[in-house]
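# Structural description and commentary
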Amino acid sequence: MNKTSGYKTKQKEQVLQYLTAHPGQHVTAQEISRHLSESGTPVGTATIYRFLDHLVSDGVLRKYTIDTRTGACYEYLPETGECHRHFHLKCMQCDKLYHVTCAHLSGLDSHVLEHHGFSIDHSKTVLYGVCEQCRKEGV
């Protein structure tokens with residue numbers, strides 16, 4: 001059974017369509033609201049946040065809160081409810097959040113567990129720096 005089958009209102013379906021069209025990406029409520037408004041089907045921000053929280057509770061989304069300046073972002077999870085383990089990179093110039101699956105970083109994960117007895121929580125792991133685009137633009 002599809003975990004999202006219980007969500008039938010038109011507004012909720014529009015939000016869910018946006019999320020499923022962006023699998024594996026981090027999206028914000030503001031991005032969803034902007035997209036829906038530009039598509040001619042505006043949905044109130046409070047409605048979006050309530051629905052996102054409901055989807056997080058149901059295991060359909062993963063919520064990431066990176067810092068106090070930036071609003072939470074959400075990642076749509078596949079039908080299995082699993083998310084690939086990955087690290088997060090946050091650009092200090094443009095505030096964009098990237099998720100990176102990398103064999104080298106997985107090695108770090110293994111090293112920390114094996115040598116330090118510590119298991120990393122990837123939903124809380126953020127490496128800060130400057131993204132390639134901002135470096136090129138000299139921002």
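Residues numbered from 1 in each chain as written. Predicted model: local features only at pLDDT ≥ 70, side-chain atom pairs only at ≥ 80, totals over all residues. Heavy atoms only, no water.

## Some thoughts on the confidence of the model for the protein
The pLDDT averaged across the protein works out to 81; a share of 85% of its residues lies at or above 70. Per-element averaging of pLDDT across the protein places strand 5 (residues 97-100) at the bottom with 78 and helix 2 (residues 29-38) at the top with 93. (pLDDT = per-residue confidence, 0-100. Helix = DSSP H or I, 4+ residues; strand = E, 2+ residues; numbered from the N terminus.)

## Considering the sheet that holds strand 3 (residues 73-76)
Consider a sheet: its strands pair through backbone hydrogen bonds, and that pairing is either parallel or antiparallel. Read across the open sheet, the 3 strands follow the order 1-3-2; overall the sheet is antiparallel. The open sheet has two edge strands with one neighbour each: strand 1 (26-27) and strand 2 (61-64). Looking at chain direction, strand 2 and strand 3 are connected through 4 bridges and run antiparallel. For Lys-63, the partnering residue across the bridge sits in strand 3 and is Tyr-74. In this fold helix 1 (residues 10-20) packs onto strand 1, strand 2 and strand 3, with an angle of close to 75° to the strand it touches most, strand 3. (Pairing = 2+ DSSP bridges. Contact = heavy atoms within 4.5 Å. Axes fitted to C-alpha atoms, helices over the stretch in contact; angles between N-to-C directions.)

## Digging into helix 1
Inspection of helix 1 places Gln-14, Val-15, Leu-16, Tyr-18 and Leu-19 among the buried residues, and these make up the whole buried set. Along its buried surface, helix 1 packs onto strand 1, helix 2, helix 3 (45-57), strand 2 and strand 3. (Buried < 20%, exposed > 50% of the residue type's maximum accessible area, 1.4 Å probe, protein only.)

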